[in-house]
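So the chains spell out like this:
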Amino acid sequence: MQPLGVHHVSINVADAGEAIAFYTDVLGLTVRSDRPDFSVGGAWLDLGDQQVHLIETDVPDDKGQHFAIRVGDLDAAVTELRDRGVTVTDPSPVGTSLQSFLHDPSGNRIELHQPAPGSRGGPTP
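Here's what I pulled together on the structure shown here.

**Re the pattern of salt bridges**
Side chains that differ in sign of charge can pair as their charged atoms come close.
Right, on to step 1. Taken as a whole and judged by the stated rule, the model has four salt bridges.
Right, on to step 2. Across the pair aspartate 34 and arginine 32 runs a salt bridge, and its minimum N-O distance is 2.8 Å.
Right, on to step 3. Its relative accessible area of 40% is what places aspartate 34 among the partly exposed residues.
Right, on to step 4. With a relative accessible area of 25%, arginine 32 lands in the partly exposed category.
Right, on to step 5. Taking the shortest distance from any N to any O, the salt bridge between arginine 82 and aspartate 90 comes out at 2.7 Å.
Right, on to step 6. Taking relative accessible area as the criterion, aspartate 90 reaches 53% and is therefore assigned exposed.

Conventions adopted
- Residues numbered from 1 in each chain as written.
- Predicted model: local features only at pLDDT ≥ 70, side-chain atom pairs only at ≥ 80, totals over all residues.
- Heavy atoms only, no water.
- Salt bridge = Lys/Arg side-chain N within 4 Å of Asp/Glu carboxyl O.
- Buried < 20%, exposed > 50% of the residue type's maximum accessible area, 1.4 Å probe, protein only.

Here you go:
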């Protein structure tokens, strides 16, 4: 096997419409039009070269599971989200990078991650 990267992350949401609005209007993802009819609410969203799939069903308890969105300027992202009324933790170091956390309307934990300059996935100095 030769893994090439993450194609998508699938998360459960309590209300698909509310989640779609949050992920598109607040976090800037875009809805894909190629999602088949699964007979359950949800959406496929583009996040850079990856996707986030929303499935309207029971949401598991938050036990630390999350996915991370890479951002170029964590301080600016946190300020923008707070200005929109979203609760976001202060940026804190993790290794040589920075991270903050927030929750979507269903309670799913989302990390905002700013890689260190020059690191894999980070901007070069």
